[in-house]
Amino acid sequence: MSATLAEIKAAIRDIPNFPKPPVIFKDITPMLQQPKLFRAAVDLFVDRHSKQKPDAIIGIDARGFIFAGAVAYQLGVGFVPVRKKGKLPYKTVEETYELEYGRETLSMHIDAVKAGDRVVIVDDVLATGGTAAAAAKLVEQLGAKVAECDFLIELKFFAGTAKLAKYPVFAALSY
Ligand code: AMP
């Protein structure tokens, strides 16, 4: 692991039982507060896609936006938000998926991507993979292709890559 990646890891704190037991929440805010580390984390994603630029970077509500917007800006490509149902103002496509307790619905504007586009999905944490898989299905509903799913953190215990087996997956840090 590079020295900078180790510094990023050291600046992510565990919050036990947040938002409820038995979740150990990965709090990235101490890392975001350090300009060098935030920039390095964004660059990890940018460097993967600077040669073959995607048509858009898809950020997942809400912490995915922090990285996806910066990556899109740096690559000079568009940013697309995938949001929880009821937050986007225009017509949307929707995907509902199962959580451990209950269900969640994600939505994306119907004109956010076009058929044939290649897009990259970005989020902070990969756990079960349900969220990113739903985002990928939204992209596919509109005929676009997921070039890669990128995460700062993968929680291996939840085996989330199984739900994303159809796509290339990159995670900067594994726990
Ligand atoms: P999943 O759908 O199970 O892969 O969960 C991923 C989504 O939930 C991401 O949008 C994460 O921001 C959030 N998430 C899941 N588990 C954690 C965790 N332990 N710490 C912080 N965020 C998490």
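Keep in mind the model is a prediction, meaning the values are calculated, not measured. (Residues numbered from 1 in each chain as written. Predicted model: local features only at pLDDT ≥ 70, side-chain atom pairs only at ≥ 80, totals over all residues. Heavy atoms only, no water.)

A. Inspection of the site of the ligand at higher detail. Looking at the ligand, there are 13 residues lining it, with D123, D124, T128, G129 and T131 nearest. Within the backbone of I24, one N or O atom sits 2.9 Å away from a nitrogen atom of the ligand. Bound to the protein, the ligand loses 83% of the 490 Å² it would expose on its own. Among the elements of the structure, β2 (24–27), β7 (118–126) and α5 (130–141) are those that each provide at least two residues to the shell around the ligand. (Near = heavy atom within 4 Å. Polar contact = N/O pair within 3.5 Å; in protein donor to acceptor, adjacent residues only side chain to side chain. Areas by Shrake-Rupley, 256 points an atom, 1.4 Å probe, with all protein chains shown as cover. Helix = DSSP H or I, 4+ residues; strand = E, 2+ residues; numbered from the N terminus.)

B. Molecular detail of helix α3 (residues 35–49). In a regular helix each residue adds 1.5 Å, so 15 residues correspond to 21 Å; α3 covers 22 Å between its end C-alpha atoms and thus fits that length. Taking the largest bend as the criterion, α3 deviates by roughly 25°, centred on D43. What α3 keeps buried is the set L37, A40, A41, V42, F45, V46 and H49. Those residues of α3 that are buried are in contact with α1 (3–10), α2 (29–32), α4 (63–75), β7, β8 (145–154) and β9 (169–174). (Expected span 1.5 Å × (residues − 1). Bend = angle between axes of the 7 residues up to and from the residue. Buried < 20%, exposed > 50% of the residue type's maximum accessible area, 1.4 Å probe, protein only. Contact = heavy atoms within 4.5 Å.)

C. Broad picture of the nonpolar core. Residues I8, I12, M31, I57, F67 and L152 are the most contacted members of the largest nonpolar core, which totals 28 residues. The set of elements that each furnish at least two residues to this core consists of α1, α3, α4, β7, β8 and β9. Of the residues forming this core, the biggest block, six residues, is contributed by α3. Counting residues in each nonpolar core, the second largest holds 27 residues, with A133, A134, L142 and V146 among its members. (Core = buried A, V, L, I, M, F, W, Y, C linked by side-chain atoms within 4.5 Å.)

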